[in-house]
Amino acid sequence: GLGVQWYNFKFENKGYQTVNGENGVEFIHRTDVNGFKSKISASYLTLLTMFRWDFAKMNNSEKKGVRLAAGPYFGYRLGGRSKFVYKEWDGSGRKKDREPIGNNLNDFRVGLRGEVGYRSLTLFATYDLNTLFQKDRGPSLHPIAFGVVF
């Protein structure tokens, strides 16, 4: 299949802002404002190929049975940015700082996806074999995602 996927990495410590630095992304601890949302997002055009085993069809039971699937995926980055939402300490309104950080992210994404399904419910997990950031441009992070498909 072919599709578009988004990564949204929300930071547990909301006081850090991600910005472009001279040698990659930098995580700046903002003590001058009250930060309440900090995240990095990236979108990818993704091609997915999976091998599927449907045990219900193998047993001639079309409604009851487990499905298993696994395969590689390949993606091309469409965009990437950081977002920091905060309030000034004086109580003034909510403000947002957005910064494009795509030049520090890997342009290509390669990984593995697995699925387990029963009836109309399917659980999936993905693991990127390459890192989110380019070499020496950010932390060494291999994204993992999981979820439900209806």
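A.B. asks: Got a sec to walk through the overall build of the protein? Specific residues and values, please.
C.D. replies: Looking only at helices and strands, the protein features one helix and 10 strands. Whereas a compact globule of 150 residues would reach a radius of gyration of roughly 15 Å, the protein reaches 20 Å, over 25% beyond that. Along the first, second and third principal axes, the C-alpha atoms of the protein reach 65 × 35 × 20 Å. For the protein, the proportion of contacts with a sequence separation of at least 24, taken over those separated by at least 6, is 63%. When the accessible area of the protein is evaluated, it comes to approximately 9,600 Å², of which 56% is carbon and sulfur surface. Of the side chains in the protein, 23 bear a positive and 14 a negative charge, and the two mean positions are spaced by 10 Å.

A.B. asks: Please set out the nonpolar core residue by residue, giving values where relevant.
C.D. replies: Core analysis: the largest hydrophobic core is formed by nine residues, namely Tyr 7, Val 25, Ile 40, Ala 42, Tyr 44, Ile 101, Leu 105, Leu 132 and Phe 133. Looking at this core element by element, the count peaks at three residues for strand E4 (residues 33–48). The contact partners of Tyr 44, leaving out residues within four places of it in the chain, are Gly 3, Val 4, Gln 5, Tyr 7, Gly 75, Tyr 76, Arg 77, Leu 78, Asn 106, Asp 107, Arg 109 and Leu 132.

A.B. asks: Lay out unusual backbone geometry in plain terms, naming residues and giving numbers.
C.D. replies: Residue Arg 119 is not a glycine yet carries a positive backbone phi of 55 degrees. Residues other than glycine seldom take positive phi values, yet Asp 136 does so here, at roughly 60 degrees. If you trace the backbone, Asp 136 turns up in the loop between strand E9 (121–128) and strand E10 (144–149).

A.B. asks: Describe the packing of aromatic side chains, listing the residues and the values that go with them.
C.D. replies: One pass over the structure, following the stated rule, counts five aromatic pairs. Note on Tyr 7 and Phe 9: the rings are 5.2 Å apart at their centroids and 40 degrees apart in plane angle, and the pair reads as tilted. When its relative accessible area of 21% is taken as the criterion, Phe 9 is described as partly exposed. When the ring of Tyr 76 is compared with that of Phe 108, the centres are 5.5 Å apart and the planes differ by 55 degrees; the resulting orientation is tilted. On the criterion of sequence distance, the pair formed by Tyr 76 in strand E6 (residues 66–88) and Phe 108 in strand E8 (residues 108–118) is long-range, its members being 32 residues apart. Each residue in the set Tyr 7, Phe 9 and Tyr 44 is aromatic and connected to the rest through ring pairs, giving one cluster. It is Arg 30 that lies over the ring of Tyr 86; its NZ or CZ is 5.4 Å from the centre. We note Arg 113 situated over the ring of Phe 124; from NZ or CZ to the ring centre the distance is 4.3 Å.

A.B. asks: Quick rundown of a positive patch on the surface? Include the residues and the values.
C.D. replies: A surface patch of like charges, here positive, comprises Arg 81, Lys 87, Arg 94, Lys 96 and Arg 98. Breaking the positive patch down by element, the ones donating at least two residues are E6 and strand E7 (94–100). Looking at the positive patch, the element that brings in the most residues is E7, giving three residues. Mapped onto the secondary structure, Arg 98 falls in strand E7.

What counts and how
Residues numbered from 1 in each chain as written. Predicted model: local features only at pLDDT ≥ 70, side-chain atom pairs only at ≥ 80, totals over all residues. Heavy atoms only, no water. Helix = DSSP H or I, 4+ residues; strand = E, 2+ residues; numbered from the N terminus. Rg over C-alpha atoms; globule rule 2.2 N^0.38 Å. Contact = heavy atoms within 4.5 Å. Areas by Shrake-Rupley, 256 points an atom, 1.4 Å probe, with all protein chains shown as cover. Lys, Arg positive; Asp, Glu negative; His and termini not counted. Charge placed at Lys NZ, Arg CZ, Asp CG, Glu CD. Core = buried A, V, L, I, M, F, W, Y, C linked by side-chain atoms within 4.5 Å. Buried < 20%, exposed > 50% of the residue type's maximum accessible area, 1.4 Å probe, protein only. Phe/Tyr/Trp six-rings, centres within 6.5 Å; stacked < 30°, edge-to-face > 60°. Lys NZ or Arg CZ within 6 Å of the ring centre and 35° of its normal. Patch = residues over 30% accessible without salt bridge, like charges linked within 9 Å, V, L, I, M, F, W, Y side chains within 5 Å. Salt bridge = Lys/Arg side-chain N within 4 Å of Asp/Glu carboxyl O.

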